[in-house]
Amino acid sequence: MSPTDRRGETPLLSVSGLNKSFGANEVLRSIDLRVEPGQVLALIGPSGSGKTTVLRCLNGLEQPDAGTVAFSGGPEVTFGPKTTRREKESLRSRSAMVFQGYNLFPHKTVLQNVTEGPIQVQKRPRAEAVADAERLLMRVGLAEKRDDYPHQLSGGQQQRVGIVRALAQQPSLLLFDEPTSALDPELVGDVLTVIKELAEEGWTMVLVTHELAFAREVADTVVFMDGGVVVEQGRAEDVLRAPREDRTQQFVHRLL
Ligand code: ADP
C-alpha cells in the first residue's frame, strides 16, 4: 500500500507542535509528524538540525517543552510543566531505539544485553525473554555469539545486537539514529539488510540517516529538517527526486 492509500487510517504515531530548547538554543520548533502503521519515515537533514533530538523526545530520553505525542491506542500526551511521570512512561514503552554508537552494556554478554529490558523493565519471565532473545539472535545470524561480550564483536555485529535488543522490547515503533554511521564501510551492508527486512515485514520505523540511497529504497515518507524545523515532507520519491524547497534540493543533490 502506498502512503497515499493509508491516509484514512489512524496513524500509529502523531506528533504535533513539538518544541524543545537547550538553554537559549531552540533546537526543535513546532515539529509535526505522522507515521502510519507499517510505514517507514526517514528523517534527513544537515548535522545539528535536530533529528536525533526528535527521536530522543519520542523515546522519552528528552522531554519536549511543548507539543503533543500520541500513539494509536494510547492517550495523547501534552508536554509542558504539568506532564506527569505516568504520561511520559506511557510513551516510553511504545518505541525502542537503535543508537548510532550501539550503546551496549560492555560488561554484559550479548544475551544479557538483549534480555535486560524485557526482564528488568517489562518484568517478563526470564525463560520467555531468553527464548525470544535466542530466536531474534538467530534471525540476524548471531545465535553463536550469545555468550560473547560486545568487545569481542565487530561493529556490524554489535549493531545487529542493538537491533535485536530493540526488537526484544516488543515496541510499536522502531527508532534508528544513524545506525550505520559509526561502521566501517564494508560492515554497513549487513546492518542495512536487516533494517530492510524489518521494513518489508511491516515494522513501523523512524530512521535518521545520511544514506539517502537507502532512504529512497526503504522509506515511504521523507522529512527534511534544517535549523530545528521541518522544511519539507512528502513521499520519499518526491522529496528525494524532485524536492520543492531550495534547501532540500541543495542537501539532496550533495548526497545523492
Ligand atoms: P542532528 O541529529 O540533526 O545532528 P541534534 O538533534 O543532535 O541534531 O542536535 C540539534 C542541536 O541540539 C544541536 O545544536 C546540538 O548541539 C543541540 N543539542 C543536542 N542535545 C543537546 C543537549 N543534551 N544539550 C545541549 N544541546 C544539545
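Residues numbered from 1 in each chain as written. Predicted model: local features only at pLDDT ≥ 70, side-chain atom pairs only at ≥ 80, totals over all residues. Heavy atoms only, no water.

### Quick notes on the overall build of the protein
Per the secondary structure count, the protein includes 9 helices and 10 strands. The long-range share in the protein, meaning contacts at least 24 apart out of those at least 6 apart in sequence, stands at 65%. (Helix = DSSP H or I, 4+ residues; strand = E, 2+ residues; numbered from the N terminus. Contact = heavy atoms within 4.5 Å.)

### Let's talk about the site of the ligand
Surveying the vicinity of the ligand reveals the residues Phe22, Asn25, Val27, Pro46, Ser47, Gly48, Ser49, Gly50, Lys51, Thr52, Thr53 and Glu62. Serine 49 places a main-chain nitrogen or oxygen 3.0 Å from an oxygen atom of the ligand. Between threonine 52 and the ligand, the recorded distance is 2.8 Å, taken from a backbone N or O atom to an oxygen atom. Summarising the interface, the protein chains cover 60% of the accessible area of the ligand, which totals 560 Å² for the free molecule. When contributions to the shell around the ligand are tallied by element, the ones reaching two or more residues are strand S2 (25-35) and helix H1 (51-58). For the shell around the ligand, the leading source of residues is H1, giving 3 residues. Per-class residue counts for the shell around the ligand are 3 nonpolar, 7 polar and 2 charged. (Near = heavy atom within 4 Å. Polar contact = N/O pair within 3.5 Å; in protein donor to acceptor, adjacent residues only side chain to side chain. Areas by Shrake-Rupley, 256 points an atom, 1.4 Å probe, with all protein chains shown as cover. Nonpolar A, V, L, I, M, F, W, Y, C, P; charged D, E, K, R; others polar.)

### A short note on helix H5 (residues 155-168)
Taking 1.5 Å as the rise per residue, H5 with 14 residues should run 20 Å; its terminal C-alpha atoms sit 20 Å apart, in good agreement. A positive phi of about 50 degrees marks glutamine 170, the residue just after H5. (Expected span 1.5 Å × (residues − 1).)

### Points about the confidence of the model for the protein
Considering every residue of the protein, the mean pLDDT works out to 94; 96% of them sit at 70 or more. On the interface metric, ipTM, the complex scores 0.98, and its pTM is 0.94. (pLDDT = per-residue confidence, 0-100.)

### Some points on the UniProt feature "domain: ABC transporter" (unreviewed entry) in the protein
In the UniProt entry, the feature "domain: ABC transporter" (unreviewed entry) is given for residues 13-252. Across residues 13-252, helical content stands at 38% and strand content at 26%; the span's end C-alpha atoms are separated by 26 Å. (UniProt positions renumbered as here; feature names shortened; annotations may be inferred.)

### A look at the layout of surface pockets
Empty space within the largest pocket amounts to approximately 620 Å³. Around the largest pocket sit 20 residues that line it, and Asn59, Arg92, Gly117, Val121 and Gln169 are the ones nearest its centre. Where the lining of the largest pocket is concerned, the elements lending two or more residues are helix H2 (85-92), strand S6 (95-98), helix H3 (110-121) and H5. Per-element accounting of the lining of the largest pocket gives the leading share, 5 residues, to H3. Residues belonging to the lining of the largest pocket are distributed by class as follows: 8 nonpolar, 8 polar and 4 charged. (1 Å grid on protein atoms, 1.4 Å probe; cavity = no way out; pocket = protein on both sides within 12 Å on 5 of 7 lines; lining within 4 Å. Points joined across faces, edges and corners; volume = space filled by probe spheres on them.)

### Some remarks on the pattern of salt bridges
Charged atoms that come close allow side chains of opposite charge to pair. Under the counting rule described, the total for this entry stands at 17 salt bridges. For arginine 235, the salt bridge goes to glutamate 237, with nearest N and O atoms at 2.9 Å. For arginine 235, a relative accessible area of 30% corresponds to the partly exposed category. Aspartate 238 is the salt-bridge partner of arginine 235, the closest N and O atoms lying 3.4 Å from each other. Members of the salt-bridge network, linked through shared partners, are Arg124, Glu128, Asp132 and Arg135. (Salt bridge = Lys/Arg side-chain N within 4 Å of Asp/Glu carboxyl O. Buried < 20%, exposed > 50% of the residue type's maximum accessible area, 1.4 Å probe, protein only.)

### Structural notes on the environment of arginine 139
Along the chain, the position of arginine 139 falls in helix H4 (residues 126-139). In this structure arginine 139 comes out as partly exposed when scored by relative accessible area, which is 32%. In this structure, the C-alpha to C-alpha distance between arginine 139 and valine 194, residues 55 residues apart in sequence, is 9.2 Å. If near-sequence neighbours (up to four positions away) are discounted, arginine 139 is found in contact with Glu197, Leu198 and Glu201. Engagement of the side chain of arginine 139 in a polar contact is seen with the side chain of glutamate 201, the distance being 2.8 Å.

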